[in-house]
Amino acid sequence: MELGYTRAGVRPTAGCSGPARGRPGRFRAPTAEPRTIGLMDSAQRTVRPWLMLFVVAGAIFVLAGFVFLLPLAFDEPQAALPPVARAATPEEARVALGRAAKALRAGDRVAYRAALPASGVAARRSLGELFRHLSPLPWTRLTLLGTQVPGVPGRFDVRAVGQLGRTGPRDRIGGERILDLQMLASRVVATGDSTPPAVRRQYLMSFHDPVAVSGNGLLVLADRRSKDRAEALADAGASARTRLALVGVEPDASVLVSVFSSLEDLKASLGGGPDEDRIRYFSHAGPRLRPRPWRILDIGVLGPSLDGTGAWMPLMLSHEMTHAYTKQWFAKTVHAPTFLLEGLATAVEGGRDWTPLREEVATGNQLWPLLDAMAAGNLWMGSSNEQVRLAYLEASAVVLYVLDRWGLAKLRPFVTAVADSDLTEGGIDKAVRESLAVSWDEFYAGWKDYALALP
Ligand SMILES: [Zn+2]
């Protein structure tokens, strides 16, 4: 057949078995060599019945084979074919993830792969990342917690949850993956990964090659190449801690400090935020399984901004540690005004030049009147660096003024009373009267005198 001809519009020839044109004699074999015909005929006559018998017997044999053997082939196919996969149940996932978590914490990569093997590039890479980023960290306890994704059998939201060193909480989230878990034979195998890009490097997964340094009530995490920064911070913890006594804080539990190598890493860890690009040092509620925040905040530091800070580093650290430990003062108040949070932290930090505050008060406190700053929801939003700096000084002077005139015992009652007010002039006046037994006007006048006398 030359079906190729049809492309040129020629009807295909039916076959090539017909005699070739112009050479008709070539296919007339029966007329050639007539002398051998007689011998062939006698031999064929004796062979043909036997041949027929063999053909019939063969046909019967083949038929019998189909009838008896074919059903057997269908009876036992599982042993030879690959095992059929099915979605893993939550219980099957729990057992496999539990074994994988144990191996991860022990840093045993072989046991980790055996506990939860992966099939396919995405799942293998995803599980490999969890091991690489989380296994070097000093876990006191660690589990991989799989929650069934509704409506998708075998798909689990897997979170690495545990406690780091002696820091809280016990249910800190270290990393998260959305994995497809299937049963292949008797094993749970990760066959797919659909983790959203924003989640891939979230939490503790933002460190490239993590190291942990602990000391002075701090557990500092950093990339290996920033280990000297982590060590410097842990050292600075010694003098930073003693400064907290100013506001009556006695650190009772370790604080986790993350030193990020870049703003990109910092944002990745926070899952995209913060929007504030000026952020260098900050405190935030560590991500945990339970919705209620842990009583002590985590501290975050943009690593490169530590370089060359010298003597200011312990002061910066004491500022963030104050946030970490005093956040719980506001756990049950109606508001947690940035003004009060920053006032406590900046007072502990110390070492700032008071000149801008003295000038502001001397010129009538017009730029950011104390009452407005106190009631501001967020001191940073829409404010220049100069305005933020001024507000921090105003707030710090409020804390120092209360300490100076009423003593440490009245500081926390004052702060929480204001935070619990409606932050109007009337509300703040009432809070000041209740906590310090003076009117707002008297407080404000005394504060201005105090501010003008600052060095
Ligand atoms: Zn602060």
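These numbers come from a predicted model, not from an experiment. (Residues numbered from 1 in each chain as written. Predicted model: local features only at pLDDT ≥ 70, side-chain atom pairs only at ≥ 80, totals over all residues.)

**Points about the overall build of the protein chain**
Quick reminder of the rule: The secondary structure listing takes helices from DSSP runs of H or I that are at least 4 residues long and strands from runs of E that are at least 2 residues long, numbered from the N terminus. Exposed residues have 12 or fewer other C-beta atoms within 10 Å of their own C-beta, buried residues have 20 or more, and partly exposed residues fall in between, where C-beta atoms are placed from the backbone. Each residue is represented by a C-beta atom placed from its backbone, and any two residues with such atoms within 7 Å are regarded as in contact.
Of regular secondary structure, the protein chain possesses 15 helices and ten strands. Residue burial in the protein chain is summarised as follows: out of 455 residues, 36% are buried. Once local pairs closer than 6 in sequence are excluded, the contacts in the protein chain between residues at least 24 apart make up 65%.

**Overview of the confidence of the model for the protein chain**
The cut-off we apply is this: A score between 0 and 100, pLDDT records how confident the predictor is in each residue.
Residues with a pLDDT of 70 or more make up 81% of the protein chain, whose mean pLDDT is 86. Taken as a whole, residues 66-79 scores under 50 in pLDDT and shows zero contacts with residues more than four places along the chain or in a different chain.

**Re helix H4 (residues 121-134)**
Inclusion rule: Given a helix with a known number of residues, its expected span is that number minus one, times 1.5 Å. The arc in question is traced by the directions running from the helix axis to the C-beta atoms.
The terminal C-alpha atoms of H4 lie 20 Å apart, and with 14 residues this matches the ideal 20 Å at 1.5 Å per residue to within 8%. Along H4, the residues classified as buried are Ala123, Ser126, Leu127, Leu130, His133 and Leu134. Looking down the long axis of H4, one finds its buried residues gathered within 140 degrees of arc, a one-sided arrangement. Residues of H4 that are exposed and point more than 90 degrees away from the buried face comprise Val121 and Arg125. Among the structural elements, helix H2 (90-106), strand E3 (155-164), strand E4 (172-184), strand E5 (187-193) and strand E6 (210-215) are those in contact with the buried residues of H4.

**Considerations on the sheet that holds strand E7 (residues 218-223)**
Heads up, the rule is: Paired strands, in this sense, are two strands between which DSSP finds at least two bridges. In this analysis an axis means a line fitted to C-alpha atoms, helices contributing only their contacting stretch, and an angle means the value between N-to-C directions, from 0 to 180 degrees.
If you walk across this open sheet you meet the five strands as E6-E7-E8-E10-E9, and the pairing is mixed. The open sheet has two free edges, formed respectively by E6 and strand E9 (281-284), since each of these has just one partner strand. Adjacent strand axes in the sheet meet at a mean angle of 20 degrees when their direction is disregarded. Bridging between E6 and E7 involves six bridges; their strand directions are antiparallel. By the bridge assignment, Val211 is partnered in E7 with Ala222.

**Brief notes about the environment of Ser283**
You can see Ser283 is positioned in strand E9. On the basis of neighbour count, Ser283 is assigned to the buried category, with 23 C-beta atoms found within 10 Å. Leave out the neighbours within four places in its chain, and Ser283 touches Leu297, Asp298, Ile299, Glu320, His323 and Ala324.

**What about the pairing of strand E10 (residues 298-302)?**
Counting buried positions along E10 gives four out of five residues, so the element sits mostly inside the fold. Here strand E8 (residues 255-260) pairs with E10 via four bridges, running parallel. Counted as the bridge partner of Ser258 is Gly300 from E10. Two elements, E9 and E10, share four bridges in a ladder whose sense is antiparallel. Residue pairing across strands places Tyr281 opposite Val301, the latter belonging to E10.

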